[in-house]
Structure formats: C-alpha cells, structure tokens
Amino acid sequence: MALTTKPTIAPHQIDKDSPAFASMAITPSDTDYLADANDKALVTRAIMSSAGGTITVELAGNAAGTYLAFTMAANVIYPLAVVRVRSTGTAATGIYGLF
C-alpha cells in the first residue's frame, strides 16, 4: 500500500545526532533571531549557501553579541548551531538553515 499523506515528526522525536529533517531560507538580520512562522525560536543543525561568500553568525552556545565570521563555499553544509545570521558582514546569498 502506498503512503498518501505526509508523515509528521514531532521535534521531541529527533535527537541531536539525527540528520536534518527540514530547511528554511534565512534572511540575515542584525536584530532578529531565527524563528518559525509562530515566532518560536529556532536553532539550526547546519547552514548552507547556494552562492558562497562571507557570513557572520551567532552560535547557540556563545554569549549574545558574540559572532563568528567566515567565508562559506557554495553548496557546502556547515554543521553549526546558528541562532542568528547577521546582515552586517554577510555577503553570501541563498542561505538556508537545516533543522
């Protein structure tokens, strides 16, 4: 029998070692943290960019206002727990968070 409806996975069913199960386009912001449509805070499992370039991120384990800047290669997955991608210092485009 074929599955005709999309299965749902509750976030508590996904452990930290599981592969990504969703993605979201990220718009860099100097003020806003990553959040879903209901303003629930999000932390990525990884990030990637379809067009490489510099990127400045705030990691989940760092103090607020502490940033990591580096050059991303296009279409490479970086396993980083990101809570914000800053617009200042970010030239990369097509940025996606993997969750």
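Scroll up to find the structure this text is about.
Calculation rules
- Residues numbered from 1 in each chain as written.
- Predicted model: local features only at pLDDT ≥ 70, side-chain atom pairs only at ≥ 80, totals over all residues.
- Heavy atoms only, no water.
- Helix = DSSP H or I, 4+ residues; strand = E, 2+ residues; numbered from the N terminus.
- Contact = heavy atoms within 4.5 Å.
- Pairing = 2+ DSSP bridges.
- Axes fitted to C-alpha atoms, helices over the stretch in contact; angles between N-to-C directions.
- Salt bridge = Lys/Arg side-chain N within 4 Å of Asp/Glu carboxyl O.
- Buried < 20%, exposed > 50% of the residue type's maximum accessible area, 1.4 Å probe, protein only.

**With respect to the environment of Ala-35**
Thought 1: The topology assignment puts Ala-35 in the loop between strand E1 (23-25) and strand E2 (46-51).
Thought 2: Sequence separation between Ala-35 and Val-83 is 48 residues; the distance between their C-alpha atoms is 8.6 Å.
Thought 3: Once residues within four sequence positions are removed from consideration, Ala-35 is found in contact with Met-24, Lys-40, Ala-41 and Leu-42.

**Observations concerning the sheet that holds E2**
Thought 1: Reading across from one edge, E1-E6-E2 is the order of the three strands in this open sheet, with antiparallel pairing throughout. Taken across any chain shown, the strands that pair with only one partner, and hence form the sheet edges, are E1 and E2. Recorded for the sheet is a direction-independent mean angle of 25 degrees between the axes of neighbouring strands.
Thought 2: Where E1 lies against strand E6 (residues 93-98), three bridges are found, and the strand directions are antiparallel. From the neighbouring strand, Ser-23 faces E6, where its bridge partner is Leu-98.

**So, the pattern of salt bridges**
Thought 1: Applying the stated criterion to the full structure yields two salt bridges.
Thought 2: The partner of Arg-86 in a salt bridge is Asp-30, and the shortest N-O contact between them spans 3.9 Å. Placement of the pair is Arg-86 in strand E5 (residues 82-86) and Asp-30 in the loop between E1 and E2, with a sequence separation of 56 residues.
Thought 3: Residue Asp-30 is classed as partly exposed on the basis of its relative accessible area of 28%.
Thought 4: The salt bridge involving Arg-84 is made with Glu-58; its shortest N-O contact spans 3.1 Å. Of this pair, Arg-84 sits in strand E5 while Glu-58 is found in strand E3 (residues 53-59), placing the two residues 26 residues apart along the sequence.
Thought 5: Take Arg-84: its relative accessible area is 6%, and that puts it in the buried class.
Thought 6: A relative accessible area of 3% places Glu-58 in the buried class.

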